[in-house]
Amino acid sequence: MLSRAGVGLRLPHLSEVVATRPPAGWLEIHPENFLANPHAFELLLQLAGDYPISVHTVGVSIGSASGVDWAHVARIRELIDLVNPVLVSGHLAWSTHRGEYLNDLLPLPYDDETLDLLAMHLHQVQDGLGRPFLVENPSSYFGFGTSTMTEVEFLGELVRRTGCRLLCDVSNVYVSSENLGYDARAYLDGLPAEAIGELHLGGFQSEDDPDAGTRVLVDTHDTAIADEAWRLYTYALRRFGPKPTLIEWDDDLPSFADLLDEATLASVLARQAAQGAPHVAR
Amino acid sequence: MSLAELQQRVRDAIVLGRDALENVSLVAGQGDGWRRLAIHHRHYETSLVKGLLRRFPATAWLLGSPLLIEAARIFIKACPPTAPCLAEYGETFPPWLSGWSELAHVPYAGDFAALDWQLGKVSIEVETPAVTFDVFAALEADAMTAVRLRLQPGLDYLKAAWPIDNLMRLYLTDTAPEHLVLEPEHIWLQVRGARGQFDFARLSESEFLFRQGVHAAIPLGEAADCALDRDDSFDPGRALTALFTDDLVTSILTAASEDTCEIHR
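Residues numbered from 1 in each chain as written. Chains lettered and ligands numbered in written order. Predicted model: local features only at pLDDT ≥ 70, side-chain atom pairs only at ≥ 80, totals over all residues. Heavy atoms only, no water.

Student: Looking at this model, I keep getting lost on the overall build of chain A. Mind explaining?
Tutor: The helix and strand tally for chain A stands at ten helices and 13 strands. For 282 residues, the compact-globule estimate of 2.2 N^0.38 gives 19 Å, and chain A sits close to it at 18 Å. If one aligns the C-alpha atoms of chain A with their principal axes, the spans along those axes are about 50 × 45 × 40 Å. By the burial criterion, 60% of the 282 residues in chain A qualify as buried. Within chain A, contacts between residues at least 6 apart in sequence are counted, and of these 76% link residues at least 24 apart. Accessible area for chain A stands at about 10,400 Å²; split by element, carbon and sulfur atoms hold 49% of it. (Helix = DSSP H or I, 4+ residues; strand = E, 2+ residues; numbered from the N terminus. Rg over C-alpha atoms; globule rule 2.2 N^0.38 Å. Buried < 20%, exposed > 50% of the residue type's maximum accessible area, 1.4 Å probe, protein only. Contact = heavy atoms within 4.5 Å. Areas by Shrake-Rupley, 256 points an atom, 1.4 Å probe, with all protein chains shown as cover.)

Shown next as structure tokens:
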């Protein structure tokens, strides 16, 4: 059903997409952009009949020690019931603390306490939404010295305990591997392939830290997908097989046509992978 | 250290920009952990300040972007978002601006920002079909005062001690003069919008009190009493009819029994 790559539908493109119905394979939305905007929600419902929709939440914080905002989960459930999405997903992260929303996806220590908490929240969220909830690997700038397992081990155990599926953000894997100094391909090799339900690709920026003499990759979603991420994507396709793939671009948006061009490239690479074609460098 | 304690410390570092992570071991490859954490602090600040500037375009015009950015930077530390949707963040910014000492010389800034906020809020609403007056007229006469009305979602009421509506029109029409003297003046406004459009208009104080009461879903009789307490020449019949002719009423709620009966068009 999702053989062609999808694109993130952000509010500045909404009217254009409603008016012109461009040939996107599918559309991903952040429900938080629509729940507080009845007019945008009205337009989304028009699109839901014509495009497969994926709901990718940035506000359901399954990693928060202070708990999940169940009122927000209930609002998303209402949206889901109306839109009937093909995929529902969120993040291996936390973003809320004692009722405050920190507007970012923050890293977790990977240990038993966190694993117990996430497994519990994930069961509850999936029950609350009435759908499987795919968990996306984060882009990381640092980790915690108290972690007792790697991120891959943590995700594998989460899948084993909850039966959840994973959204593998290939760009995030690249960003984190560069920032934390591990092998991106080994990371992909370690993920349970049978649990992968979706792939993401997004742009990032490189920042120099002249004091430390190092650079850091920042997951900005405000630029084109880097060649390194495309190369890792082809590796991921060989490892996991073709999966629904999304082009994410949230800031400094280009034209919708530019997003479709990126999606077309992802679709071509996926088709080649499905046919067993050799690696195609961009 | 528990996860809850760790998250409290990270929260403080991100919101307050404070190095609250002593005794927390951060792993950052070749990089410095604190510098890496600062990326999240910067994102918190940048994204929320940008969001507030986008949410208060007229206020940025009035005060100038540098001053509004300074205000926003302080505000987001004092009042982090408490809702998941960024578009919902900023409702308490106008009263906060009213109390900000740097704006003591702009006493209408808070009221103006409140109007700015309301215009943005109503403009993303959706109008629903209006009920006509003959539906209301068909009710039993002695039940009418207990009736409550539901009004269009893209509707709100605000009062101010300055003629902020005139100021807003200068912004919207890009016709600000070189010099303008603003004199205090109590005004009562109705703000209405839907699907990207908005409008605002002055009401008399009694009309405002009546409509504000109806909007808050108090019984019609009580809303009329509020208006009559202020102005004994207030005409409830005319005011009620105007709600229908302006297509503001979307449903009529009667309490003929313990169950509320909702009458649509």
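From this point, things continue past the structure.
Student: Would you mind showing me how to read the overall build of chain B here?
Tutor: Assigned secondary structure in chain B consists of eleven helices and seven strands. The principal-axis extent of the C-alpha atoms belonging to chain B is close to 80 × 55 × 30 Å. Relative to its 265 residues, chain B shows a buried fraction of 46%. Expressed as a percentage of contacts within chain B between residues at least 6 apart in sequence, the contacts between residues at least 24 apart total 67%. Here chain B displays about 13,000 Å² of accessible surface, and carbon together with sulfur accounts for 51% of that area. Taking the 23 positively charged and 37 negatively charged side chains of chain B as two groups, their mean positions are separated by 11 Å. (Lys, Arg positive; Asp, Glu negative; His and termini not counted. Charge placed at Lys NZ, Arg CZ, Asp CG, Glu CD.)

Student: I keep staring at the pattern of salt bridges and nothing clicks. Help me out?
Tutor: A side chain of one charge can pair with a side chain of the opposite charge when the charged atoms of the two come close. The full count for this structure, using the stated rule, is 24 salt bridges over all chains. We note a salt bridge from aspartate 251 of chain A to lysine 50 of chain B, for which the minimum N-O separation is 3.4 Å. Of this pair, aspartate 251 of chain A sits in the loop between strand E13 (245-248) and helix H10 (256-274) while lysine 50 of chain B sits in helix H2 (residues 33-55), which puts the two residues in different chains. For lysine 50 of chain B, a relative accessible area of 39% corresponds to the partly exposed category. Arginine 192 of chain B is the partner of glutamate 127 of chain B in a salt bridge, and the nearest nitrogen-oxygen pair spans 3.1 Å. You can see glutamate 127 of chain B sitting in the loop between helix H6 (109-123) and helix H7 (133-137) and its partner arginine 192 of chain B sitting in strand E4 (residues 187-194), a full 65 residues away along the chain. Taking relative accessible area as the criterion, arginine 192 of chain B reaches 21% and is therefore assigned partly exposed. It is possible to trace a salt-bridge network through shared partners that takes in Asp116, Glu157, Arg160 and Arg161 of chain A. (Salt bridge = Lys/Arg side-chain N within 4 Å of Asp/Glu carboxyl O.)

Student: Would you take a moment to explain the sheet that holds strand E3 (residues 155-160) of chain B for this structure?
Tutor: Sheet strands line up and pair through hydrogen bonds in the backbone, either parallel or antiparallel. Residue and element names in this part refer to chain B. Read across the open sheet, the three strands follow the order E3-E4-E5; overall the sheet is antiparallel. Either end of the sheet is taken by a strand with one partner, and the two such strands are E3 and strand E5 (197-203). Between one strand axis and the next, the sheet turns by 25° as a mean value, whatever way the strands run. Direction of pairing for E3 relative to E4: antiparallel, over a ladder of six bridges. (Pairing = 2+ DSSP bridges. Axes fitted to C-alpha atoms, helices over the stretch in contact; angles between N-to-C directions.)

Student: Looking at this structure, how should I read the domain arrangement of chain B?
Tutor: Accessible area lost upon the coming together of the parts is a frequently used measure of interface size. All names here are of chain B. Each assigned domain of chain B is listed here: domain 1 (1-106) and domain 2 (126-265). Listed per partner, the contact involves four residues of domain 1 and five residues of domain 2. When the buried area of domain 1 at its contact with domain 2 is split by residue, Ala58, Trp61 and Leu62 rank highest and sum to 90% of it. Taken together, domain 1 and domain 2 are joined by zero salt bridges. Inspection of the region where domain 1 meets domain 2 yields zero residue pairs in polar contact (both at pLDDT 80 or more). (Domains from an automatic or database assignment. Buried area = accessible area lost by both parts, 1.4 Å probe. Polar contact = N/O pair within 3.5 Å; in protein donor to acceptor, adjacent residues only side chain to side chain.)

Student: Is there a simple way to explain the pairing of strand E10 (residues 196-202) of chain A in this structure?
Tutor: Consecutive side chains along a regular strand alternate between the two faces of the sheet. Residues and elements named next belong to chain A. Burial analysis of E10 places seven of its seven residues in the buried class, the great majority of the element. The sheet contact formed by strand E9 (residues 166-169) and E10 spans four bridges and is parallel. Counterpart to leucine 166 in the pairing with E10 is isoleucine 196. When E10 meets E13, the two strands line up parallel, connected through four bridges. Bridged to leucine 201 within E13 is isoleucine 247.

Student: So what exactly am I meant to see when it comes to the packing of aromatic side chains here?
Tutor: A ring pair, where both rings are aromatic, is described by two values, the distance of the centres and the angle of the planes. Residue and element names in this part refer to chain B. Scanning all chains against the criterion turns up 20 aromatic pairs over all chains. Note on tyrosine 157 and phenylalanine 208: the rings are 6.1 Å apart at their centroids and 80° apart in plane angle, and the pair reads as edge-to-face. Taken together, the residues tyrosine 157 in strand E3 and phenylalanine 208 in helix H9 (residues 205-215) connect sequence positions 51 residues apart. The burial state of tyrosine 157 is the same as that of phenylalanine 208; both residues are buried. (Phe/Tyr/Trp six-rings, centres within 6.5 Å; stacked < 30°, edge-to-face > 60°.)

Student: Can you help me understand the nonpolar core in this one?
Tutor: Nonpolar side chains in soluble globular proteins tend to be buried together. Grouped together as the largest cluster of nonpolar side chains are 143 residues, with contacts concentrated most on Leu27, Val135, Leu188, Leu191 and Tyr233 of chain A together with Phe93 of chain B. No other element matches helix H9 (residues 227-240) of chain A, which puts eight residues into this core. There are two domains that each give this core at least three residues, and those are domain 1 (1-106) and domain 2 (126-265) of chain B. Ignoring anything within four residues of it in the chain, the contact list for leucine 191 of chain A reads Val152, Leu155, Leu166, Cys168, Ile196, Arg239 and Phe240 of chain A. (Core = buried A, V, L, I, M, F, W, Y, C linked by side-chain atoms within 4.5 Å.)

Student: Explain helix H1 (residues 11-20) of chain A here, please?
Tutor: One full turn of an α-helix is made of 3.6 residues, so residues set three or four places apart face in the same direction. All names here are of chain A. Inspection of H1 places His13, Leu14, Val17 and Val18 among the buried residues, and these make up the whole buried set. Along the long axis of H1, the arc covered by the buried residues comes to 140°, so they all point the same way. Of the exposed residues in H1, the ones pointing more than 90 degrees away from its buried face are Pro12, Ser15 and Ala19. Buried residues belonging to H1 abut strand E2 (27-29), helix H2 (31-35), helix H3 (38-48) and H10. After H1 finishes, the residue arginine 21 shows a positive phi value of roughly 45°. (Arc of directions from axis to C-beta.)

Student: Any chance you could explain the packing of H3 of chain A against helix H4 (residues 70-83) of chain A here in plain terms?
Tutor: To characterise two packed helices, one gives the angle between the axes of the helices and the distance between these axes. All names here are of chain A. For the pair H3 and H4, the least separation of the axes is 10 Å and the interaxial angle reads 35°. Between H3 and H4, the residues in contact are Phe41, Leu44, Leu45 and Ala48 and Leu79, Leu82 and Val83, respectively. Looking at the contact of H3 with H4 residue by residue, the classes come out as seven nonpolar, no polar and no charged. (Nonpolar A, V, L, I, M, F, W, Y, C, P; charged D, E, K, R; others polar.)

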